[in-house]
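Residue strings, one per chain:
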Amino acid sequence: MEADLKQTLLPLINTYLTEKLTMDELDCSLSERGLDSLAFIEIIVVLEKEFSFTWPLELLSMTELDTLRSFWRVINACCKEEGSKVAGVSSEEICQNVS
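Here the structure is a predicted model, which is why all the values come from computation and not from measurement.

## So, the overall build of the protein
- Along the backbone of the protein there are four helices and zero strands.
- Along the chain direction, N to C, the helices and strands of the protein fall in the order α-α-α-α.
- Considering only contacts in the protein between residues 6 or more positions apart, those separated by 24 or more positions represent 55%.
- Carbon and sulfur atoms provide 48% of the accessible area of the protein, an area that totals close to 5700 Å².

## Describing helix α3 (residues 68-78)
- Among the 11 residues of α3, eight are classified as buried, and the element is accordingly described as predominantly covered.
- When α3 is considered as a whole, its buried residues turn out to be Leu68, Ser70, Phe71, Trp72, Val74, Ile75, Ala77 and Cys78.

## What to know about the nonpolar core
- Formed by 27 residues in total, the largest nonpolar core has its most connected members in Leu9, Ile13, Leu47, Trp55, Phe71 and Ile75.
- Listed by contribution, the elements that provide at least two residues to this core are α1 (2-14), α2 (37-51) and α3.

## Some words on unusual backbone geometry
- Phi at Ser52 takes a positive value of approximately 55°, unusual for a residue other than glycine.
- The partly exposed category is assigned to Ser52, whose relative accessible area is 38%.

## Considerations on α2
- For α2, with 15 residues, the first-to-last C-alpha span of 21 Å sits near the 21 Å given by 1.5 Å per residue.
- When α2 is considered as a whole, its buried residues turn out to be Ala39, Phe40, Ile43, Ile44, Leu47 and Phe51. Seen end-on, α2 carries its buried residues on one side only, within an arc spanning 145°. Exposed residues on α2 whose side chains face more than 90 degrees from its buried face are Leu38 and Lys49.
- For α2, the N-terminal capping position is held by Asp36, with its side-chain oxygen 3.3 Å away from the main-chain nitrogen of Leu38.
- A positive backbone phi angle near 55° is found at Ser52, which sits one or two residues after α2.

## Observations concerning the environment of Leu59
- Within the secondary structure, Leu59 is located in the loop between α2 and α3.
- Residues Leu59 and Val74, spaced 15 residues apart in sequence, show a C-alpha to C-alpha distance of 8.4 Å.

## Observations concerning the packing of α2 against α3
- Packing of α2 against α3 brings their axes to within 12 Å, and their N-to-C directions diverge by 35°. In the packing of α2 onto α3, the handedness of the crossing is right-handed. Residue-level contacts link Phe40, Ile43, Ile44, Leu47 and Phe51 of α2 to Phe71, Trp72 and Ile75 of α3.
- Here the residues of the contact of α2 with α3 are counted per class, giving eight nonpolar, no polar and no charged.

Rules of the game
Residues numbered from 1 in each chain as written. Predicted model: local features only at pLDDT ≥ 70, side-chain atom pairs only at ≥ 80, totals over all residues. Heavy atoms only, no water. Helix = DSSP H or I, 4+ residues; strand = E, 2+ residues; numbered from the N terminus. Contact = heavy atoms within 4.5 Å. Areas by Shrake-Rupley, 256 points an atom, 1.4 Å probe, with all protein chains shown as cover. Buried < 20%, exposed > 50% of the residue type's maximum accessible area, 1.4 Å probe, protein only. Core = buried A, V, L, I, M, F, W, Y, C linked by side-chain atoms within 4.5 Å. Expected span 1.5 Å × (residues − 1). Arc of directions from axis to C-beta. Polar contact = N/O pair within 3.5 Å; in protein donor to acceptor, adjacent residues only side chain to side chain. Axes fitted to C-alpha atoms, helices over the stretch in contact; angles between N-to-C directions. Left-handed = near helix turned anticlockwise from the far one by under 90°. Nonpolar A, V, L, I, M, F, W, Y, C, P; charged D, E, K, R; others polar.

See below:
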């Protein structure tokens, strides 16, 4: 998880923040670091393209996805090990694992 976070998710999310995150800040609030609603949607679109999956509609909420760790949990729940295809996990199971 840590290697993928460093290589993909952390740099992507940091491009949208006014105050950058480090790997030690997986549970810091992204909204407190400057993430706004437009940037939130842009991140979702980029992640869908990067990992070839469709983001669960139930999880298009900045309050539910306000940390780096919560983003990563959704990606892990939706994708296979290599992060290239949807793993067939139900959106209800994903929602339970995010918080």
